[in-house]
Amino acid sequence: MSRNDENNYTLRPLTIDDAEEYNALLRYAFQVTEQELAETGWKDDEITQSKFPVLQRADVLGCFNGNDLIAQFAVYPLDMNIYGVKYSVGFVTSVCTYPEYTGHGIMKRLMIQSLIRMRDAHKSFALLYPYSIPLYRGLGWEIISNKMTYTIKDTQIPRKLNEPGYVRRVSWDDKEFKELHTKFAEKTHGCLYRNNLAWEEYWRWDEDDTSVAIYYSKDDVPYGYMVYMISSDVMHVKEMIYLNREAQLGLWEFIHAHDSMIDEVRGNNYYSEPIAFELDDSDIKETIRPYTMGRIIDIRQFFAKYACDPDEPSVCIRFYIEDDLLAWNNGYFTYLFDNGRCIETEQQPDYEVSMSIGTLTTLMLGYKTAEKLHVMDKIQASDEAVEHLDECPLRPFIIFGIASTYFAAPIITKAYLVQLLAITIYVLFGRYGRVLSRLYGILLGRKTVCIIPHRVKNVKPLQSFISGINIGGYISQRVTYVQTCSRRIGKHIQYVILGLALIFFYLINMMIFPILLPLLFYLFEIIFHDKQL
């Protein structure tokens with residue numbers, strides 16, 4: 001009998017006894033090497049032990065060929081804010097299989113079984129980070145949120161802010177820090193509440209240099225926080241959330257306080273709108289891409305808790321839904337939307353609409369309007385029915401932020417060894433160490449690293465000024481002298497004092513009939529003495 005005979009495949013939940021095989025499959029599928037583990041400070045046995053809580057608290061299904069684990073599908077139990085209602089949801093992760101077992105329908109079987117288990121646990125909604133959008137779309141999943149990122153130069157950071165509160169850096173396990181996220185989740189549609197398991201995953205891969213800063217009002221009440229790390233002159237903002245405008249501006253004021261340490265800020269935006277418009281210099285780089293996909297597991301369970309608009313007149317709509325994966329979602333569902341509630345009914349509908357389970361998911365989560373989906377032929381209905389879907393009963397159109405449990409990759413940077421070694425030697429033994437970077441010099445003496453010219457126009461003069469000859473052995477002859485303007489330097493540090501010493505007759509390259517200029521500049525040269533430091 002073939003070892004790959006599908007009759008040998010069995011599905012069962014994983015336990016901590018399967019932790020070693022679970023970890024091995026994860027590392028193989030996501031190509032985590034020993035070197036990468038060492039660079040992040042993890043050891044293989046520590047990774048295995050770190051997965052014990054996942055296997056204990058998450059619902060992890062595995063597919064076995066005999067006694068060998070060949071595929072797995074994990075579901076984290078979380079809560080999610082959907083239009084002000086807390087839903088119990090499943091966050092799908094750790095989906096992987098060994099490549100020699102692909103094409104046997106194993107992952108589809110695991111997904112169906114996991115969705116059944118979620119339904120039995122009264123979880124009517126699931127979401128995930130997709131590695132292939134077309135693959136999951138074919139299984140009834142659809143995009144429900146975007147990820148927006150930004151890159152801001154140090155000169156573009158908002159400044160001249162004077163908020164009444166203050167910012168304090170706190171530890172990772174600070175109570176007020178975690179409570180702030182809970183308050184944010186309570187008021188933000190699409191946000192996942194973080195339980196202990198989610199917080200453990202949030203910090204699992206972060207470096208020790210990652211910091212947390214909280215903004216407090218003048219009354220010592222926390223209203224916002226940011227998680228960030230500074231590396232290679234870049235501030236990486238992993239997360240910034242705020243409960244009011246004051247906290248938002250206060251956190252940007254805190255970022256601006258680092259402007260002498262950083263060249264740019266890179267971060268994630270957890271809100272519906274891009275941030276460029278809010279900046280004085282809006283010429284920044286922003287990106288937007290699909291981030292999470294979701295799926296309604298059980299239509300009846302989902303609609304039973306859904307909060308429709310209570311201010312709109314009642315309307316009865318019959319939905320015809322197609323779901324090729326879960327048979328209980330196939331067919332007609334008639335709902336009366338009245339006084340903020342969704343009531344299943346057998347009365348004659350006012351309107352009828354037809355769509356797939358994926359389209360229903362993105363519509364009910366507010367990622368796309370019914371009008372937009374209708375134009376894309378995702379919804380089959382009359383124009384009047386589409387208008388009622390958008391105006392009543394559904395909530396106003398919103399693209400909500402990621403605001404998720406954030407199972408994210410760490411921020412990792414590497415130094416170039418050869419260049420770093422050369423710089424180290426030059427710091428200690430380099431020429432003109434006092435001017436450059438020895439311990440008592442500018443760089444290591446807490447002076448500014450360099451003076452960068454800004455807004456210097458490229459102007460071609462009719463005739464270049466004559467440059468000095470061999471000044472310090474570093475400046476070429478016949479190069480126009482350009483004086484730069486310092487940036488963020490209060491006082492110029494001057495090491496060389498120049499003075500007039502002597503004028504004498506200069507015979508190098510002497511012409512018999514020189515071009516006559518005022519004071520006969522071509523026949524004389526001014527010699528300056530530099531004061532040795």
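Residues numbered from 1 in each chain as written. Predicted model: local features only at pLDDT ≥ 70, side-chain atom pairs only at ≥ 80, totals over all residues. Heavy atoms only, no water.

A. Molecular detail of the side chain of His 189. Note that His 189 resides in the loop between α7 (175-187) and β8 (192-193). A distance of 2.9 Å separates a polar atom in the side chain of His 189 from the backbone nitrogen of Tyr 83. For His 189, the side chain forms a polar contact with the main-chain oxygen of Leu 365, separated by 2.9 Å. (Helix = DSSP H or I, 4+ residues; strand = E, 2+ residues; numbered from the N terminus. Polar contact = N/O pair within 3.5 Å; in protein donor to acceptor, adjacent residues only side chain to side chain.)

B. Here's a closer look at the packing of aromatic side chains. Per the counting criterion, the structure on display carries 23 aromatic pairs. Pairing Tyr 136 with Trp 141 gives two aromatic rings, centres 6.1 Å apart and planes at 75°, and the pair type is edge-to-face. Given the relative accessible area of 4%, Tyr 136 is considered buried. Where Phe 303 meets Phe 337, the ring centres are 6.3 Å apart and the plane angle is 55°; that geometry is what we call tilted. Of this pair, Phe 303 sits in helix α10 (residues 299-305) while Phe 337 sits in strand β15 (residues 331-338), and the two are 34 residues apart along the sequence. Accessibility classification places Phe 303 together with Phe 337 in one group, the buried group. Pairwise contacts between aromatic rings join Tyr 83, Tyr 87, Phe 125, Phe 302, Phe 303, Tyr 306, Phe 319, Tyr 335 and Phe 337 into one cluster. In this structure, Arg 119 packs its charged tip against the face of Trp 328, placed 4.1 Å from the ring centre. (Phe/Tyr/Trp six-rings, centres within 6.5 Å; stacked < 30°, edge-to-face > 60°. Buried < 20%, exposed > 50% of the residue type's maximum accessible area, 1.4 Å probe, protein only. Lys NZ or Arg CZ within 6 Å of the ring centre and 35° of its normal.)

C. Quick peek at the environment of Arg 168. Mapped onto the secondary structure, Arg 168 falls in strand β7 (residues 166-170). As a C-alpha pair, Arg 168 and Phe 254 span 86 residues in sequence and 9.5 Å in three-dimensional space. For Arg 168, the residues in contact, after removing those within four places along its chain, are Val 212, Ala 213, Ile 214 and Tyr 216. (Contact = heavy atoms within 4.5 Å.)

D. Geometry of the sheet that holds strand β16 (residues 341-344). Strand order in the open sheet formed by four strands is β16-β15-β14-β17, and the pairing between neighbours is mixed. The strands lining the two open edges of the sheet, one partner per strand, are β16 and β17 (351-356). For this sheet the average axis-to-axis angle between neighbouring strands, irrespective of direction, equals 30°. Here β15 runs beside β16; their pairing, made up of four bridges, is antiparallel. The partner of Tyr 335 across the bridge, within β16, is Glu 344. On top of the sheet, helix α11 (residues 357-364) reaches β14 (315-322) and β17; it is set at about 110° to β17, its chief contact. (Pairing = 2+ DSSP bridges. Axes fitted to C-alpha atoms, helices over the stretch in contact; angles between N-to-C directions.)

E. Representation of helix α13 (residues 383-391) within the structure. Buried within α13 are the following residues: Ala 385, Val 386 and Leu 389. Down the axis of α13, the buried set is contained in an arc of 100°. They therefore lie on one face. If you follow the buried residues of α13, they end up packed against β14, β17, α11 and α12 (370-375). (Arc of directions from axis to C-beta.)

F. Structural detail: the nonpolar core. Counting 82 residues, the largest nonpolar core has Trp 141, Phe 302, Phe 303, Phe 319 and Leu 360 as its most contacted members. The element contributing the most residues to this core is strand β3 (residues 68-82), with 10 residues. In contact with Leu 360, other than residues within four places in its own chain, are Ile 296, Ile 299, Phe 303, Phe 319, Ile 321 and Met 355. Among the nonpolar cores identified, the runner-up in size contains 23 residues, and Tyr 228, Tyr 242, Val 265 and Ile 275 belong to it. (Core = buried A, V, L, I, M, F, W, Y, C linked by side-chain atoms within 4.5 Å.)

G. Empty space enclosed by the protein, seen in detail. Counted by the stated rule, this structure contains three cavities of 30 Å³ or more. Its boundaries defined by the atoms lining it, the largest cavity holds a volume of some 80 Å³. Looking at the largest cavity, the residues that line it are Tyr 150, Met 240, Tyr 242, Gln 248, Trp 252, Asn 268, Asn 269, Tyr 270, Tyr 271 and Ile 275. Mapped by element, the contributors of at least two residues to the lining of the largest cavity are β11 (234-242), α9 (245-256) and β12 (264-269). Of the residues contributing to the lining of the largest cavity, the split by class is seven nonpolar, three polar and no charged. (1 Å grid on protein atoms, 1.4 Å probe; cavity = no way out; pocket = protein on both sides within 12 Å on 5 of 7 lines; lining within 4 Å. Points joined across faces, edges and corners; volume = space filled by probe spheres on them. Nonpolar A, V, L, I, M, F, W, Y, C, P; charged D, E, K, R; others polar.)

H. A look at the pattern of salt bridges. With the rule as written, the count across this model stands at 12 salt bridges. The partner of Glu 239 in a salt bridge is Arg 194, and the shortest N-O contact between them spans 2.5 Å. In this pair, Glu 239 is assigned in strand β11 and Arg 194 in the loop between β8 and α8 (196-203), connecting sequence segments 45 residues apart. As far as burial versus exposure is concerned, Glu 239 and Arg 194 are alike and both buried. (Salt bridge = Lys/Arg side-chain N within 4 Å of Asp/Glu carboxyl O.)

I. Seen up close, unusual backbone geometry. Phi is positive for Asp 220, close to 70°, though the residue is something other than glycine. Counting through the fold element by element, Asp 220 comes out in the loop between β9 (211-216) and β10 (222-231). What makes Asp 220 partly exposed here is its relative accessible area of 48%. Positive phi outside glycine occurs at Ser 232, with the angle close to 55°. The topology assignment puts Ser 232 in the loop between β10 and β11.

J. Quick look at the state of the cysteines. Here the structure, examined in full by the defined rule, presents zero disulfides. Sulfur of Cys 308: no disulfide; nearest cysteine sulfur belongs to Cys 342 and is 4.1 Å away. (Disulfide = S-S within 2.5 Å.)

K. Molecular detail of the confidence of the model for the chain. For the chain, the mean per-residue pLDDT works out to 77, and 67% of the residues sit at or above 70. Scored below 50 in pLDDT, residues 396-457 shows 115 contacts in the model against residues more than four places distant or in partner chains. (pLDDT = per-residue confidence, 0-100.)

L. Up close: a negative patch on the surface. A surface patch of like charges, here negative, comprises Glu 371, Asp 383, Glu 384, Glu 387 and Glu 391. A total of four residues in the negative patch trace back to one element, the largest contributor, which is α13. Among the secondary structure elements, Glu 391 is positioned in helix α13. Owing to a relative accessible area of 45%, Glu 391 belongs among the partly exposed residues under this scheme. (Patch = residues over 30% accessible without salt bridge, like charges linked within 9 Å, V, L, I, M, F, W, Y side chains within 5 Å. Areas by Shrake-Rupley, 256 points an atom, 1.4 Å probe, with all protein chains shown as cover. Lys, Arg positive; Asp, Glu negative; His and termini not counted. Charge placed at Lys NZ, Arg CZ, Asp CG, Glu CD.)

M. Spotlight on the side chain of Arg 194. Here Arg 194 falls in the buried class, since its relative accessible area comes to 9%. One polar contact links Arg 194 to His 181, side chain to side chain, over a distance of 3.4 Å. Within the structure, the side chain of Arg 194 is placed 2.5 Å from the side chain of Glu 239, a separation counted as a polar contact.

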